[in-house]
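# Summary of structural features
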Amino acid sequence: MTKALSNPHLPFGDQRSAPWYGKSILTVKQFSQDDLKYIFGVAHEMREMVERVGTFDLLKGKILVNLFYEPSTRTSASFTAAMERLGGSVIPINEVKYSSVAKGESLPDTIRSLECYSDVIVLRHPEVGASALAAQYARKPIINAGDGIGEHPTQALLDLFTIIEEKGNVDGLTITMLGDLKNGRTVHSLSRLLSLYDVKLNFVSPEILRLPGEIISELEDKGIPVQEYALLDKAISESDVLYVTRVQKERFEDPQDYENVKGTYIINSQSLASAREDLILMHPLPRVGEISMELDDDPRAAYFRQMEYGMYVRMALLAMVLGKA
Ligand code: CP
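Residues numbered from 1 in each chain as written. Predicted model: local features only at pLDDT ≥ 70, side-chain atom pairs only at ≥ 80, totals over all residues. Heavy atoms only, no water.

## Concerning the overall build of the chain
Looking only at helices and strands, the chain has eleven helices and nine strands in total. Whereas a compact globule of 325 residues would reach a radius of gyration of roughly 20 Å, the chain reaches 20 Å, a difference of no more than 12%. Seen through its principal axes, the chain has C-alpha atoms that stretch 60 × 45 × 40 Å. In the chain, buried positions account for 54% of the 325 residues. By sequence separation, contacts in the chain at least 24 residues apart represent 73% of the contacts at least 6 residues apart. Put simply, the chain shows about 14600 Å² of open surface, and 50% of that area lies on carbon and sulfur atoms. (Helix = DSSP H or I, 4+ residues; strand = E, 2+ residues; numbered from the N terminus. Rg over C-alpha atoms; globule rule 2.2 N^0.38 Å. Buried < 20%, exposed > 50% of the residue type's maximum accessible area, 1.4 Å probe, protein only. Contact = heavy atoms within 4.5 Å. Areas by Shrake-Rupley, 256 points an atom, 1.4 Å probe, with all protein chains shown as cover.)

As structure tokens, then:
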């Protein structure tokens, strides 16, 4: 029994000596395959509990701050839902223009202030490295909910959980990612996470939106077979997973460049004509036309199921960093 568990003043199940207690989640590079197995095991338990009782008091008395400098629907709402399912509370700061950020307050000062009122801070910020910077100043765990075009580690965890739940395993799969691979932080995180497994990765994008060379090199250094294409036709028939992303208008310096590439790919029934019957079609969402709504009722369309898996993964992460998993 750990020292924390033997302390009569701590509630049953408290595991403050657990490896993730008090840790920030900043990049997928933090995770080993064993960590992933553990997180997904906890996520399974969370799913069972939600299905059985809906809401329970594992994090009763704990407070999360949702600090979002960029728009969000899913990440923000699913962290709120995760915390409330676990009996905790949320301070939402989704419109920083109404906070003291608008008066010029620095990120370190905002973090130092908000951690006085909370136990964990979920941060989305337009600058790469913002969460790492915040974590340098914070005494409480910071969870990176997207730092510019850098990473979105909790999205990658839920994406991987979705693949495992839907396909049964990861090893041996061919995963094709399509769209804005340059700016898509979910692709950056997911491809790095997948490199822990025996997978083949295809990347389909317009020339100006190719996956950054540094990530391709990281994957190749780990022995992952990588192919880049301009057209999906070349990759679709061998794919087990097709992961589609939005072209990120807000990241373009020249609006004309966006206009030139915005409609390059529209996935519809015809695009999937040569796809496997058991393909799964994923998207981190929001979509802005790159997957036709005609596919929404196709059993291969996993993008709405993917969001639900996300809540269980985020429940697991919150329980872990707050010493309750
Ligand atoms: N997938 C994702 O990050 O969605 P939101 O931008 O709505 O949070």
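On we go from here.
## Things to note about the pattern of salt bridges
Under the criterion given, the structure shown has 19 salt bridges. When the shortest N-O distance is used, the salt bridge between Lys-200 and Glu-238 registers 2.9 Å. Of this pair, Lys-200 sits in strand E6 (residues 200-204) while Glu-238 sits in the loop between helix H9 (233-236) and strand E8 (241-244); the two residues are 38 residues apart in sequence, bridging distant segments of the chain. Take Lys-200: its relative accessible area is 23%, and that puts it in the partly exposed class. For the salt bridge of Arg-287 with Asp-296, the shortest nitrogen-to-oxygen distance reads 2.7 Å. Residues joined by salt bridges that share partners form a network here, namely Lys-29, Glu-151, Arg-192, Glu-214 and Glu-218. (Salt bridge = Lys/Arg side-chain N within 4 Å of Asp/Glu carboxyl O.)

## Focus: the site of the ligand
Taken together, the neighbourhood of the ligand is formed by Ser-72, Thr-73, Arg-74, Thr-75, Arg-124, His-152, Gln-155, Pro-284 and Leu-285. One of the backbone nitrogen or oxygen atoms of Thr-73 is found 2.8 Å away from an oxygen atom of the ligand. Here the ligand, which alone exposes 250 Å², has 91% of that area covered by the protein. Using a 2 Å cut-off from the grid points, one finds that the ligand occupies the largest pocket. By residue class, the composition of the shell around the ligand is two nonpolar, five polar and two charged. A domain split of the shell around the ligand shows at least three residues from each of domain 1 (6-151 + 310-321) and domain 2 (153-307). (Near = heavy atom within 4 Å. Polar contact = N/O pair within 3.5 Å; in protein donor to acceptor, adjacent residues only side chain to side chain. 1 Å grid on protein atoms, 1.4 Å probe; cavity = no way out; pocket = protein on both sides within 12 Å on 5 of 7 lines; lining within 4 Å. Sits in = over half its atoms within 2 Å of the grid points. Nonpolar A, V, L, I, M, F, W, Y, C, P; charged D, E, K, R; others polar. Domains from an automatic or database assignment.)

## Things to note about the sheet that holds strand E4 (residues 142-147)
Taken together, the four strands give an open sheet; going across it, the order is E2-E1-E3-E4, and neighbouring strands pair in parallel fashion. In the strand order of this sheet, the two ends are held by strand E2 (89-93) and E4, each with one partner. The sheet shows a mean angle of 15° between the axes of neighbouring strands, taken without regard to direction. (Pairing = 2+ DSSP bridges. Axes fitted to C-alpha atoms, helices over the stretch in contact; angles between N-to-C directions.)

## Quick word on the nonpolar core
If you look at the biggest cluster of nonpolar residues, it comprises 67 residues, and the most contacted ones within it are Met-177, Leu-194, Phe-203 and Leu-318. Here the element with the most residues in this core is helix H11 (residues 303-321); it accounts for eleven residues. Here this core spans two domains, since at least three of its residues come from each of domain 1 (6-151 + 310-321) and domain 2 (153-307). Setting aside anything within four residues of it in sequence, one finds Leu-194 in contact with Leu-160, Ile-163, Val-170, Ile-175, Met-177, Val-199 and Leu-201. Core analysis: the next-biggest nonpolar cluster, separate from the first, contains 19 residues, Leu-178, Ile-267, Leu-295 and Ala-301 among them. (Core = buried A, V, L, I, M, F, W, Y, C linked by side-chain atoms within 4.5 Å.)

## Considering the pairing of E2
In the case of a regular strand, side chains alternate between the two sheet surfaces. Where strand E1 (residues 63-68) and E2 come together, five bridges link them in parallel fashion. Residue pairing for E2: Leu-67 is matched across the bridge by Ile-93. Once the chain exits E1 it traverses helix H3 (residues 74-85) before rejoining the sheet at E2, and the crossover so formed is right-handed. (Right-handed = clockwise from strand over helix to strand, strands pointing away.)

## Comments concerning the layout of surface pockets
Left-over empty space is what a probe sized like a water molecule reveals as it rolls over the atoms. Of the volumes computed, that of the largest pocket is approximately 440 Å³. Around the largest pocket sit 21 residues that line it, and Arg-124, Arg-185, Arg-246, Leu-285 and Pro-286 are the ones nearest its centre. Elements represented by at least two residues in the lining of the largest pocket include exactly H3 and helix H7 (185-194). Considering only residue class, the lining of the largest pocket consists of four nonpolar, ten polar and seven charged. Here the lining of the largest pocket spans two domains, since at least three of its residues come from each of domain 1 (6-151 + 310-321) and domain 2 (153-307). Each pocket or cavity is described by its volume, and for the second largest pocket that value is around 270 Å³. (Points joined across faces, edges and corners; volume = space filled by probe spheres on them.)

## Focus on the environment of Glu-238
In this structure Glu-238 comes out as partly exposed when scored by relative accessible area, which is 25%. Put simply, Glu-238 and Ile-175 are 63 residues apart on the chain and 8.8 Å apart in space, counted from C-alpha to C-alpha. Once residues within four sequence positions are removed from consideration, Glu-238 is found in contact with Thr-174, Lys-200, Asn-202, Tyr-229 and Arg-276. Within polar-contact distance, the side chain of Glu-238 engages the side chain of Lys-200 at 2.9 Å.

## Observations regarding the side chain of Thr-186
For Thr-186, the location among the structural elements is in helix H7. On the accessibility criterion, Thr-186 (8% relative accessible area) is buried. Only 3.1 Å separates the side chain of Thr-186 from the side chain of Tyr-243, close enough to count as a polar contact. Ignoring any residue separated from it by four or fewer positions in sequence, one finds Thr-186 in contact with His-152, Gln-155, Tyr-243, Thr-245 and Pro-284.

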